[in-house]
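Reading the structure
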Amino acid sequence: MDFKRILVPAGGGGADEGAMELACRLAKKDKGQIWAVYVITVKRALPIDAEIEPEIATAEKILDHIEEIAENQDCEIETDVLQAREAGPAIIDEAVEKQADVIIMGVSQKKRFGQFSIGNIVPYILKSAPCPVILLQQ
Amino acid sequence: MYIIVVGGGRLGYYLTKGLLAEGHEVLLLEKESEVCETITEELGSVCFRGDGCETTTLNEVGTSRADMFIAVTGDDEDNMVSCQVAKHKFNVPTTIARLRNPDNEDLFKKLGINITISATNLILEAIEREVTTHPLTHILTMQDKGWEMVDIRILPESTSAGKLVRELALPAESKLTLVIPRENKPYVPTANSVLKEGDRVIALTTPQTEEALRAALSGA
Amino acid sequence: MNILIMGCGRVGAQLASLLDADGHKITVLDNDSYSFRRLPSDFGGTALLGNGLQQDVLQKAGIESAEMFVATTQGDNRNIMACQVAKHIFNVPRVLCRIYDPLRQELFEGLGIEAISPTKIFAQLLRDKIIA
């Protein structure tokens, strides 16, 4: 299986690093391309194209960090900030648009109401992805 | 426009679909999570799970920036309450409610809900238009002005047939705007126009004087 | 006083029997005849089967001569709508509405409907008990 077009959705957590390192290793092997995206979820109280300064700053910081990791691996990547109502569908739309061969995502263990929870973004992506999905939990 | 639709039944679903196709930003509020999921799958991220009567939910979906609020659940009371919350708490300029029971129309109007849609009334109006023996048909209602436009037929037995307009006992609040004879060209009636059997009179009137106008024109 | 109560649940039935014992003329309306079992056997008022959101049913229940209308069904929105019908269509001098949701209660108080939120009152009552 060739992974030439790799999409890495960043969540801003520690799990991003492992996912990015893995993406770089695969990209180098197959001479592939990597896109890292961060989705700003815009609350309904604001129009979808609202410029939310603190959120944009956070997004840029996260993507800068991701770029650094890639540089350490001698990899060049493209980054993008997306704005959407929900992260899941936005990531899927991006995967379709970029014709991704694989989505690589880091997941961190979370607890919600005292129970193990993976959130609702990961299940949505697994359910709707047009390509293979690799989840990395550290 | 930003439009909020409450109720993800068939009406809410197709309404949302239509409004999206026209390029509006639409949010559909639906209580049932399963219905919400199906709609999200089909229409994208346009559905929010929540109660359209709850202030907290309406706050979350940005009701204060909505241009229009349309409540189309199956229950009149839910539609009425959510429209009032939207109007009075979030100052939405236009609120529209679906009605099941036509009796509630007066109440909804009094409470400031801008437009009410009742399938019962729509069907009754369609029947009125289709069944041509009925001498009076409603063409248009200008709710905000209190006027309505009606189409009245002059029947063979009508006492107005052959009379001058000025001889008729027309209510003061009504205006005859156009006469469409069976064969000749339509004309704007004056005090000296003569009405004939088979004429259709297009008139402006109020709901209160509608019956008096009908009696004056097509009464036997 | 001539009082019309919509909803013969525990609260509605209790209220009806209290006011009846005080000598008021009571009519209780419910859309389930089984609810009327909650009324005491010596209840002197009228129990009527029907949907209180229908204007003809309210007329049959004598809303035009009622001095007071109380809505105590389980549905907040049903209560609100019935009270607004009583107030704006039938001009009942005083209407009283049960609204569980405290936010809705505040809003409709502001719109001229006298409303009580059992949720708010009971939570306050519990807190007072706890800190006393």
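Note that this is a predicted model, so its numbers are computed, not measured.

The next subject is the overall build of chain A. Each helix and strand counted, chain A has four helices and seven strands in total. Relative to the 2.2 N^0.38 estimate, which gives 14 Å for 138 residues, the radius of gyration of chain A is 15 Å and therefore close to what a compact globule would have. Across its three principal directions, the C-alpha atoms of chain A cover 45 × 35 × 25 Å. In chain A, buried positions account for 28% of the 138 residues.

Okay, the sheet that holds strand β1 (residues 2–6) of chain C next. Residues and elements named next belong to chain C. Strand order in the open sheet formed by six strands is β3-β2-β1-β4-β5-β6, and the pairing between neighbours is parallel. Sheet topology places β3 (46–49) and β6 (114–116) at the edges, where each strand pairs with a single neighbour. Each adjacent strand pair in this sheet contributes to an overall mean axis angle of 20°, direction not counted. Inspection of the sheet shows strand β5 (residues 94–98) paired to β6 by three bridges, in the parallel sense. Opposite L96, over in β6, you have E114 as the bridge partner. Contacts from helix α1 (residues 10–21) reach β1, β2 (25–30) and β4 (68–71), with the element oriented near 165° to β2.

The assigned domain composition of chain B is domain 1 (2–122) and domain 2 (132–218). Centre-to-centre separation of domain 1 of chain B and domain 2 of chain B, based on C-alpha positions: 38 Å.

The next thing to look at is the interface of chain C and chain B. Counting residues at the interface gives 17 residues for chain C and 19 residues for chain B. If you list the elements that add at least two residues to the side of chain C that touches chain B, you get α3 (76–89) and α4 (102–110) of chain C. Among the elements that take part in the side of chain C that touches chain B, α3 of chain C stands out by supplying eight residues, more than any other. Here the side of chain C that touches chain B is built from residues that sort into eight nonpolar, six polar and three charged.

A few words now on the interface of chain A and chain B. With seven residues of chain A at the interface, the matching set in chain B holds seven residues. Residues of the side of chain A that touches chain B, tallied by class, amount to four nonpolar, no polar and three charged.

Counting 67 residues, the largest nonpolar core has I70 of chain B together with I5 and F69 of chain C as the members making the most contacts within it. Ranked by residues supplied to this core, first place goes to α3 of chain C with six residues. In this structure, F69 of chain C is in contact with L4, I63, C83, A86, V92 and V95 of chain C, ignoring residues within four places of it in sequence. One finds V8, Y38, A87 and V102 of chain A within the second-largest nonpolar core, a separate group that totals 33 residues.

What follows concerns the environment of G112 of chain C. Of note, G112 of chain C is situated in the loop between α4 and β6. For the pair formed by G112 of chain C and R37 of chain C, sequence separation is 75 residues and the distance between their alpha carbons is 33 Å.

Residues and elements named next belong to chain A. With 16 residues, helix α1 (residues 15–30) should cover 22 Å at 1.5 Å per step; its first-to-last C-alpha distance of 23 Å lies within 8% of that length. Turning to α1, its buried residues are D16, A19, M20, A23, C24, L26 and A27. Directly beyond the C-terminal end of α1, a positive phi value near 50° is found at K31.

What follows is about the environment of K120 of chain C. Residues and elements named next belong to chain C. Among the secondary structure elements, K120 is positioned in helix α5 (residues 118–131). With 21 residues separating them in the primary sequence, K120 and I99 have C-alpha atoms 9.8 Å apart. When residues no more than four places from it in sequence are discounted, the contact partners of K120 are P102 and Q105.

Before going further, it helps to examine the sheet that holds strand β2 (residues 25–30) of chain B. All names here are of chain B. Within the open sheet, the six strands sit side by side as β3-β2-β1-β4-β5-β6. Their pairing is parallel. Two strands close off the open sheet at either side, each with one partner strand: β3 (47–49) and β6 (115–118). Averaged over neighbouring strand pairs, the angle between their axes works out to 20° when direction is ignored. Inspection of the sheet shows strand β4 (residues 68–71) paired to strand β5 (residues 94–99) by four bridges, in the parallel sense.

Counting contacts across all two pairs of chains that touch, the top-ranked interface belongs to chains B and C. Without any contact between them, chain A and chain C keep their closest C-alpha atoms 19 Å apart.

Okay, the pairing of β4 of chain C next. Residue and element names in this part refer to chain C. Here β1 runs beside β4; their pairing, made up of four bridges, is parallel. Residue pairing for β4: L4 is matched across the bridge by F69. Handedness of the crossover is the feature at issue here: the chain leaves β4, passes through α3, returns alongside β5, and the resulting connection is right-handed.

Procedures and definitions
- Residues numbered from 1 in each chain as written.
- Chains lettered and ligands numbered in written order.
- Predicted model: local features only at pLDDT ≥ 70, side-chain atom pairs only at ≥ 80, totals over all residues.
- Helix = DSSP H or I, 4+ residues; strand = E, 2+ residues; numbered from the N terminus.
- Rg over C-alpha atoms; globule rule 2.2 N^0.38 Å.
- Buried ≥ 20, exposed ≤ 12 C-beta atoms within 10 Å, placed from the backbone.
- Pairing = 2+ DSSP bridges.
- Axes fitted to C-alpha atoms, helices over the stretch in contact; angles between N-to-C directions.
- Contact = placed C-beta atoms within 7 Å.
- Domains from an automatic or database assignment.
- Nonpolar A, V, L, I, M, F, W, Y, C, P; charged D, E, K, R; others polar.
- Core = buried A, V, L, I, M, F, W, Y, C linked by C-beta atoms within 7 Å.
- Expected span 1.5 Å × (residues − 1).
- Right-handed = clockwise from strand over helix to strand, strands pointing away.

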